Amino acid sequence: MQTLNGKLISQEQGQIDAIKQQTEGIIKRCQNLESQFTAINQQKDAKYLQDISAVKIYLQKLDKRLNLLEQNLSTQAKNLLYLKISIAIGLVGLWLWLGMNNQPAHHEIKPKKYVESIQLRRH
């Protein structure tokens, strides 16, 4: 085919029909590629949305687990505090009880008896 200033010059109608068919084929291939590209993008978008929803569900599960762990930790901290207080009260009570049992009884003090030694004289 001949061109003049970037334009096709054709003297035969058959060449023009061939060019039209080639152009229509190129347009159809472009439309086909566009539809494939659109389909691929829609699949990617659907996959992306599925991934996002899966991540949201996983985060919700993690949040529930975290709340459960916080509750358990709080309960254990309270139990530990109660245990420490009970132990302190028990030790103070034991200390007082042992201190009272080891004190000498003031009212039972008996005077010491002195025994005089008697020497026997032999005559």
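Residues numbered from 1 in each chain as written. Predicted model: local features only at pLDDT ≥ 70, side-chain atom pairs only at ≥ 80, totals over all residues. Heavy atoms only, no water.

### A closer look at the overall build of the protein
Consideration 1: Secondary structure assignment for the protein yields one helix and two strands.
Consideration 2: Walking the protein from its N terminus toward its C terminus, one meets helices and strands in the order β-β-α.
Consideration 3: Within the span of the protein, comprising 123 residues, buried residues form 0% of the whole. (Helix = DSSP H or I, 4+ residues; strand = E, 2+ residues; numbered from the N terminus. Buried < 20%, exposed > 50% of the residue type's maximum accessible area, 1.4 Å probe, protein only.)

### What about a nonpolar patch on the surface?
Consideration 1: A cluster of nonpolar side chains, contributed by Leu80, Leu83, Ile87, Leu91, Leu94, Trp97 and Leu98, occupies part of the molecular surface with about 700 Å² of accessible area.
Consideration 2: When you line up the elements, Leu94 lands in helix H1 (residues 13-101).
Consideration 3: Classification of Leu94 as partly exposed rests on a relative accessible area of 44%. (Patch = residues over 30% accessible without salt bridge, like charges linked within 9 Å, V, L, I, M, F, W, Y side chains within 5 Å. Areas by Shrake-Rupley, 256 points an atom, 1.4 Å probe, with all protein chains shown as cover. Salt bridge = Lys/Arg side-chain N within 4 Å of Asp/Glu carboxyl O.)

### Overview of the confidence of the model for the protein
Consideration 1: Per-residue pLDDT for the protein averages 84, and the proportion of residues at 70 or more is 74%.
Consideration 2: When pLDDT is averaged over each helix and strand of the protein, the minimum, 67, is found for strand S1 (residues 2-4) and the maximum, 92, for H1. (pLDDT = per-residue confidence, 0-100.)

### Regarding the pattern of salt bridges
Consideration 1: By the definition in use, this model includes one salt bridge.
Consideration 2: The closest approach of N and O atoms between Asp51 and Lys47, which form a salt bridge, is 3.3 Å. Placement of both Asp51 and Lys47 in helix H1 is noted, with a separation of four residues, approximately one turn of the helix.
Consideration 3: Lys47 gets classed as partly exposed once you look at its relative accessible area, which sits at 47%.

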